[in-house]
Amino acid sequence: MKKQRMVAIAATGLVAALALAGCSQSTATPQEEGDGTGTLTIFAIPNGKAALDELIPKFEEANPGIDVEVTYAEVDSMISTLRTQLSSGTAADIFSAWPGNGTPGSMENLVPGGFLMDLSDAEFSANIPSGFDSVTMVDGKRYVLPMSTGGIGAIYNVQAAEEAGAVVPTTWDEVLEFCDAATAAGKTGFALGAQTLWNTQLINYALTPTLVYGPNPTFDADQAEGKASFADSAWADAFAKNVEMLDHGCFQPEPLGTAYEGATALVASGDALAMVSVTSTFAAIAATAPEGTELSMFALPATNNAADTWMPAGASGGYGANANASNPVAAMKFMEFLGSDEVMAEYGEIAGQLPAIPTDLFDVPASLQVVVDHVEAGTIHPYIDQLWPNAKVQSAHFDGVQKVLGGTASIPDVLKEMDAAYNG
């Protein structure tokens, strides 16, 4: 890879303007024909950095006339900047995009603006499991290439847990015992990077499949028809368990002042035993962990009956191609590259994730077996926000978790705000 830069995009007007300028792409006339030689620009979140950093040089070697420039930014900043760039015509040729709905960077919110290239004719399109069609297609056309079948659970440092004498929990009471063992060893049970907005959702996402969607398989449909709501459901129990973990000392001091990187660093060092996160976080933790650190995952229990436990799992974050790309030929070449069996397998191995497109080239690591087990058992629910009707619900959830943990809002009030956003 000939050029790479890590961009930290801040919220201040001046820095945001500089970041926008730094991420602005080529002003060359879009190439409708040709071999795509020239510059290909990519704007992505750091979760895929380890894999992209390994794979991009291989793409460049196979396509010597294409020079790839990649910029990384954290999820919240990346999405807000991307929306501005798409509207101004300065967005990258390829960018991180999310399946389904629920976030401003998701397919359902980008397709209406004409921002995503139709990938239906790509070779990989026919190989994407049909179960992902509803979150990668609109009106029969494919717009997003998911890179993994992700899960949300507790990623833990095996050595740190063993040293603390902490046992992998299978019930809610055992979750609290896991925290007690960590505290007794001078460590934190669960690192929580609640300063980073997208991290605020993860514990609720891990708990509600067991508390809400498993017991009531029609909840999503009932909610869409106005027959169910956040306020009158076990979503209240999920929020209450967040508070119980806080009060029980499961989190490090000041979780609202800890960013995602700070939380992953705590698990990597063994100062925290675990953190509830998406499977792509394996790579983020491993990147700074001492050599030989073993990481694994368990489903986060929500009741005292182990047989109740479900997991969230489904098409995880992926990539889309800019419908107005400066280099559309190179963009499609790169998307085909990402969707190939070889690259799917390698991306999964580097990122510690299950490939979204199944391939015999990938061996499931022991750390991800829990996700496979729940998929095979049918005890999974899709990532919840992918089924919400708009991005306002996710925003209300982010804000609500921070307020509840900070003691500035009640759980009933937050759930009412989420319902208002859902119905808005």
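These numbers come from a predicted model, not from an experiment.

Thoughts on the overall build of the protein
Moving on, step 1. Check the secondary structure of the protein and you find 17 helices and 15 strands.
Moving on, step 2. For 424 residues, the compact-globule formula gives about 22 Å, and the C-alpha radius of gyration of the protein, at 21 Å, lands near that figure.
Moving on, step 3. A burial count over the protein gives 56% of its 424 residues as buried.
Moving on, step 4. Of all intrachain contacts in the protein linking residues separated by at least 6 positions in sequence, the fraction that spans at least 24 positions is 77%.
Moving on, step 5. Element-wise, carbon and sulfur atoms account for 52% of the exposed surface of the protein, whose accessible area totals about 16400 Å².

Here's the deal with the nonpolar core
Moving on, step 1. One finds Phe190 and Trp235 to be the most contacted residues of the largest nonpolar core, which totals 103 residues.
Moving on, step 2. Of all the elements, helix 8 (residues 202-213) adds the most residues to this core, at eight residues.
Moving on, step 3. In contact with Trp235, other than residues within four places in its own chain, are Asn204, Tyr205, Thr208, Val212, Tyr213, Phe230, Ile384, Trp388, His397, Leu415 and Met418.
Moving on, step 4. Counting 37 residues, the second-largest nonpolar core is a separate cluster that includes Ile56, Met117, Leu145 and Tyr347.

Brief notes about the packing of aromatic side chains
Moving on, step 1. Counted according to the given criterion, the structure contains 15 aromatic pairs.
Moving on, step 2. Pairing Phe230 with Trp235 gives two aromatic rings, centres 5.3 Å apart and planes at 85°, and the pair type is edge-to-face.
Moving on, step 3. Judged by its relative accessible area of 0%, Phe230 is buried.
Moving on, step 4. Each member of the aromatic cluster is reached from another via a ring pair, and the members are Tyr205, Phe230, Trp235, Phe239, Trp388 and Tyr422.

Description of the side chain of Thr200
Moving on, step 1. Position of Thr200 relative to the elements: it lies in the loop between strand 9 (188-190) and helix 8.
Moving on, step 2. We classify Thr200 as buried; its relative accessible area is 3%.
Moving on, step 3. Of note is the side chain of Thr200, whose polar atom sits 2.6 Å from the backbone oxygen of Leu197.
Moving on, step 4. For Thr200, the contacting residues outside a window of four places in its chain are Ala194, Phe398, Val401 and Gln402.

Notes on the pairing of strand 12 (residues 311-315)
Moving on, step 1. Burial analysis of strand 12 places five of its five residues in the buried class, which makes it a mostly covered element.
Moving on, step 2. Sheet analysis places strand 8 (residues 148-157) next to strand 12, joined by three bridges and oriented antiparallel. Within strand 12, the residue paired with Gly151 across the bridge is Ala313.
Moving on, step 3. Relative to strand 15 (residues 380-381), strand 12 is paired through two bridges, and the arrangement is parallel. From the neighbouring strand, Met311 faces strand 15, where its bridge partner is Ile380.

Section: the state of the cysteines
Moving on, step 1. Scanning the model with the defined rule gives one disulfide in all.
Moving on, step 2. A sulfur-sulfur distance of 2.1 Å marks the disulfide that ties Cys179 to Cys250. With the S-S bond torsion at 110°, the cross-link from Cys179 to Cys250 turns out right-handed. Taken together, the positions of Cys179 in helix 7 (residues 172-184) and Cys250 in the loop between helix 10 (235-247) and helix 11 (260-269) put the pair 71 residues apart, joining distant regions of the chain.
Moving on, step 3. Relative accessible area serves as the criterion here: at 0%, Cys250 is assigned to the buried category.

Digging into the pattern of salt bridges
Moving on, step 1. Taken as a whole and assessed by the stated rule, the structure comprises five salt bridges.
Moving on, step 2. A salt bridge links Lys58 to Glu346; the shortest N-O distance between them is 2.5 Å. Here Lys58 is found in helix 2 (residues 49-62), whereas its partner Glu346 is found in helix 14 (residues 341-351), with 288 residues between them in sequence.
Moving on, step 3. Put simply, Arg142 and Asp133 hold a salt bridge, and the shortest N to O gap is 3.0 Å.
Moving on, step 4. The exposure class of Arg142 is buried, given its relative accessible area of 4%.

Some remarks on the environment of Cys250
Moving on, step 1. Once the C-alpha coordinates of Cys250 and Gly186 are considered, the two residues, 64 residues apart in sequence, prove to be 12 Å apart.
Moving on, step 2. The contacts of Cys250, once residues within four sequence positions are left out, are Leu176, Cys179, Thr188, Gly189, Phe190 and Met245.

Observations regarding a negative patch on the surface
Moving on, step 1. A grouping of Asp173, Glu177, Asp180, Glu244 and Asp247 is seen on the molecular surface, where their side chains present a negatively charged patch.
Moving on, step 2. Relative accessible area serves as the criterion here: at 33%, Glu244 is assigned to the partly exposed category.

What about helix 3 (residues 75-88)?
Moving on, step 1. Taking 1.5 Å of rise per residue, the 14 residues of helix 3 would be expected to cover 20 Å, and the 20 Å separating its terminal C-alpha atoms lies within 8% of that figure.
Moving on, step 2. Listed as buried for helix 3 are Val75, Ser77, Met78, Ile79, Thr81, Leu82, Gln85 and Leu86.
Moving on, step 3. Directly after helix 3, the chain includes Gly89, whose backbone phi takes a positive value near 80°.

Looking at unusual backbone geometry
Moving on, step 1. For Asp139, which is not a glycine, the phi torsion comes out positive at approximately 50°.
Moving on, step 2. Structurally, the position occupied by Asp139 is in the loop between strand 5 (137-138) and strand 6 (141-142).
Moving on, step 3. With a phi angle near 55°, Glu254 is a residue other than glycine that sits in the positive phi range.
Moving on, step 4. Tracing the backbone shows Glu254 in the loop between helix 10 and helix 11.

Rules of the game
- Residues numbered from 1 in each chain as written.
- Predicted model: local features only at pLDDT ≥ 70, side-chain atom pairs only at ≥ 80, totals over all residues.
- Heavy atoms only, no water.
- Helix = DSSP H or I, 4+ residues; strand = E, 2+ residues; numbered from the N terminus.
- Rg over C-alpha atoms; globule rule 2.2 N^0.38 Å.
- Buried < 20%, exposed > 50% of the residue type's maximum accessible area, 1.4 Å probe, protein only.
- Contact = heavy atoms within 4.5 Å.
- Areas by Shrake-Rupley, 256 points an atom, 1.4 Å probe, with all protein chains shown as cover.
- Core = buried A, V, L, I, M, F, W, Y, C linked by side-chain atoms within 4.5 Å.
- Phe/Tyr/Trp six-rings, centres within 6.5 Å; stacked < 30°, edge-to-face > 60°.
- Polar contact = N/O pair within 3.5 Å; in protein donor to acceptor, adjacent residues only side chain to side chain.
- Pairing = 2+ DSSP bridges.
- Disulfide = S-S within 2.5 Å.
- Salt bridge = Lys/Arg side-chain N within 4 Å of Asp/Glu carboxyl O.
- Patch = residues over 30% accessible without salt bridge, like charges linked within 9 Å, V, L, I, M, F, W, Y side chains within 5 Å.
- Lys, Arg positive; Asp, Glu negative; His and termini not counted.
- Charge placed at Lys NZ, Arg CZ, Asp CG, Glu CD.
- Expected span 1.5 Å × (residues − 1).

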